[in-house]
Amino acid sequence: MKHFTEEELISYREGDAQHEQRISVHVAECAACRAELNRIDAVLKALNEFSVPDPGRDYEQRIWRQIAPRLPQNRVPWRHSWLRARRLGAFGALAATVLAAFSLGRWVRPHSAAVPDSLNAQQVRERVLVVAVGDHLDRSEMILVGLEHAQPAAPGQKAINISAEQRRAEDLLQENRLYRQTAASEGDAGLASVLDELERVLVDIAHSPGEISPAQLQSIQKRIESRGILFKVRVIGKQLEQRPQRQEDAPKAAPQSNSVVRERNKA
Amino acid sequence: MSQSAGSLAVREAAATRESDAIAVERVLAGDRDSYRLLVERYSRYVHRLAYRLTGDEHDAEEVVQEAFLRAYQKLEKFEARSNFGTWVYRIAANYAIDRMRQRQKEESRKETSDPHGLDSGEQDPLAHVADAGPNPERLMHSVQLRKRIQQALNELSHAERTAFVMRHWHGCGIEEIAGVLRSNSSATKNTVFRAVQKLRRALEPFLEAHPQAKALGTER
């Protein structure tokens with residue numbers, strides 16, 4: 001009679017055996033294998049003595065109290081929702097509208113006789129651009145901040161997953177090109193320049209693999225840092241936020257003062 | 001299990017999964033407090049695994065906290081059709097392995113600087129004797145057996161301990177353990193076997209010499 005090996009009997013005891021039925025029949029008939037299985041069984045049963053101490057009745061509440069203050073406050077809903085194709089489609093449509101608004105404005109301008117109407121149209125177009133670009137910069141900033149603080153999921157882990165950031169960078173890249181070209185054609189050199197730099201960083205991120213080594217991450221972080229892009233994005237975003245207010249405060253002023261342009265060009 | 005009890009359990013599991021998915025959605029939408037439900041539902045479950053993997057209450061608590069923090073940070077990657085409990089459990093197992101490795105390094109450094117090992121940091125085994133009961137003899141055997149088990153578990157490699165704890169005490173499937181160990185099914189089965197074999201070599205002589213200790217495991 002061929003006996004089963006220790007490995008086969010342990011697998012059988014742990015429920016992982018390939019030939020469970022055969023082992024079961026054999027053990028019922030073979031005293032030697034039955035004795036061996038009983039010894040394995042005794043050890044595994046004795047291990048039950050290694051019980052887990054009761055962590056206390058309020059353990060769940062205690063864990064929550066300990067981790068709650070450490071949870072990031074600003075989980076931004078868009079990070080989740082923007083990944084959804086429907087929302088991305090809606091944003092694409094918004095971007096297309098912005099482009100259309102600018103193009104239309106440029107074509108219509110020479111035929112417009114009334115100066116105040118032309119001025120209003122320009123202001124409206126600029127407001128649309130300000131809102132859309134402001135939103136675009138916010139979302140770009142999120143990616144940059146995310147990468148700046150990215151780290152391996154566990155100490156000693158060799159790969160860092162940046163696939164979420166990578167996908168978002170891909171999504172933002174086309175919009176960025178659109179805004180940069182629009183800003184350049186509108187003569188907004190400061191905004192165009194920052195968007196140009198942002199585009200290079202977004203290209204870097206979008207073309208990176210989904211999982212990168214700590215060294216590759218460091219290299220991306222260095223590129224972001226050396227260009228000061230995060231700072232520039234924040235400054236220009238802040239200036240854009242303030243612009244509608246200025247226009248409302250002074251509706252008859254020129255749509256864009258030279259000082260604002262100069263200030264932005266410094267960024 | 002009767003058919004009605006079985007279908008009730010299935011319905012309960014489905015309801016739990018649905019309420020987990022809703023909590024996850026809310027957290028992702030910015031409602032941080034919804035995460036509390038998930039922490040309170042699964043922390044005790046994760047604690048059992050963490051304690052068996054680390055063998056230390058302090059480490060186990062750290063593993064539980066870190067697992068929930070990491071799960072929160074990675075929540076966007078959680079797929080609604082998965083089980084949140086299983087997911088956070090896997091994160092805890094991964095972190096516990098890292099923690100054990102780190103602890104081993106710290107201890108080997110400590111041994112170098114303190115060759116007499118005066119401060120072993122060992123916990124009082126009496127503190128965790130399961131259901132010690134009033135019988136002093138039983139208590140003594142239980143303490144001795146527990147110490148032996150602790151030593152035997154400490155002698156396993158991290159992969160062996162993780163595979164054994166997940167398979168034997170927590171009933172995890174081989175595929176799931178293989179995922180945590182970043183290994184394949186066949187290698188994982190072999191790891192479980194090696195673990196049991198080592199535990200057997202370490203505990204069998206003691207159990208043979210102390211039949212009272214052998215009886216302890218069959219009491220519950």
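Residues numbered from 1 in each chain as written. Chains lettered and ligands numbered in written order. Predicted model: local features only at pLDDT ≥ 70, side-chain atom pairs only at ≥ 80, totals over all residues.

## Regarding the overall build of chain B
Here is the rule: Only DSSP runs of H or I reaching four residues or more are called helices, and only runs of E reaching two or more are called strands; each is numbered from the N terminus. Buried means a residue has 20 or more other C-beta atoms within 10 Å of its own C-beta, exposed means 12 or fewer, and partly exposed covers the counts in between; C-beta atoms are placed from the backbone. Each residue gets a C-beta atom placed from its backbone, and two residues are in contact if those atoms lie within 7 Å.
The number of helices and strands found in chain B is nine helices and zero strands. In sequence order, the secondary structure elements of chain B are arranged as α-α-α-α-α-α-α-α-α. Here chain B, with 220 residues, has 37% of them falling under the buried criterion. Sequence separation of 24 or more characterises 61% of the internal contacts of chain B that already satisfy a separation of 6 or more.

## Focus: the environment of B:Val165
All names here are of chain B. Relative to the helices and strands, Val165 is located in helix 6 (residues 158-169). According to the C-beta neighbour criterion, Val165 is buried, with 26 such atoms within 10 Å. Spatially, the C-alpha atom of Val165 lies 10.0 Å from that of Ala93, the residues being 72 residues apart in sequence. With residues near it in sequence (within four places) discarded, Val165 still touches Leu49, Arg52, Leu53 and His170.

## Notes on the nonpolar core
Residue and element names in this part refer to chain B. Test applied: To define a nonpolar core, we join buried Ala, Val, Leu, Ile, Met, Phe, Trp, Tyr and Cys residues through C-beta atoms within 7 Å and take the resulting set.
Core analysis: the largest hydrophobic core is formed by 68 residues, its most contacted members being Ala50, Ala67, Val88 and Ala92. Per element, the largest residue contribution to this core is 11 residues, and it comes from helix 4 (residues 84-113). Leave out the neighbours within four places in its chain, and Ala92 touches Val46, Leu49, Ala50, Val63, Val64 and Ala67.

## Things to note about the packing of helix 3 (residues 31-46) of chain A against helix 8 (residues 185-209) of chain B
Selection rule: Fitted lines through C-alpha atoms give the axes, limited to the stretch in contact for helices. The angle between two N-to-C directions lies from 0 to 180 degrees. An angle below 35 degrees is read as roughly parallel, one above 145 as roughly antiparallel, one from 65 to 115 as roughly perpendicular, and any other as oblique. Residues were grouped as follows: Ala, Val, Leu, Ile, Met, Phe, Trp, Tyr, Cys and Pro as nonpolar; Asp, Glu, Lys and Arg as charged; and all remaining residues, including Gly, as polar.
Contact geometry for helix 3 of chain A and helix 8 of chain B: axes closest at 10 Å, N-to-C directions at 90°. By the criterion of interaxial angle, the relationship of helix 3 of chain A to helix 8 of chain B is roughly perpendicular. Touching A:Arg39, A:Ile40, A:Ala42, A:Val43 and A:Ala46 of helix 3 of chain A are B:Leu199, B:Arg200, B:Leu203, B:Glu204 and B:Leu207, all from helix 8 of chain B. Of the residues that constitute the contact of helix 3 of chain A with helix 8 of chain B, the class distribution is seven nonpolar, no polar and three charged.

## Re the environment of A:Gly190
Residue and element names in this part refer to chain A. Locating Gly190 in the fold gives a position in helix 9 (residues 189-206). Judged by the 20 C-beta atoms lying within 10 Å of it, Gly190 falls in the buried class. Between the alpha carbons of Gly190 and Ile236 there is a distance of 8.5 Å; along the sequence they are 46 residues apart.

## Comments concerning the confidence of the model for chain B
All names here are of chain B. For clarity, the threshold we go by: Per-residue confidence from the prediction method is given by pLDDT, with values spanning 0 to 100.
Residues at a pLDDT of 70 or more form 75% of chain B, whose mean pLDDT is 81. The spread of mean pLDDT over the elements of chain B runs between helix 9 (residues 211-216), the lowest at 64, and helix 2 (residues 35-54), the highest at 94. Confidence over residues 117-132 falls short of pLDDT 50; this stretch has 18 contacts with residues more than four positions distant or in other chains. Among the prediction metrics, the complex's ipTM stands at 0.79, with pTM recorded as 0.54.

## Quick notes on the confidence of the model for chain A
All names here are of chain A. When the pLDDT values of chain A are averaged, the result is 73; 68% of them are 70 or greater. Least confident of the elements in chain A is helix 12 (residues 258-266), whose mean pLDDT is 40; most confident is helix 4 (residues 59-67), at 94. With pLDDT under 50 throughout, residues 77-88 is counted as low confidence; its partners more than four residues away or in other chains account for 13 contacts. Confidence drops under pLDDT 50 across residues 110-116; counting only partners more than four residues distant or on other chains, this segment forms two contacts.

## Remarks on the interface of chain B and chain A
Counting residues at the interface gives 51 residues for chain B and 39 residues for chain A. Breaking the side of chain B that touches chain A down by element, the ones donating at least two residues are helix 2, helix 3 (57-73), helix 4, helix 5 (136-154), helix 6, helix 8 and helix 9 of chain B. Partitioning the side of chain B that touches chain A into residue classes produces 22 nonpolar, 12 polar and 17 charged.

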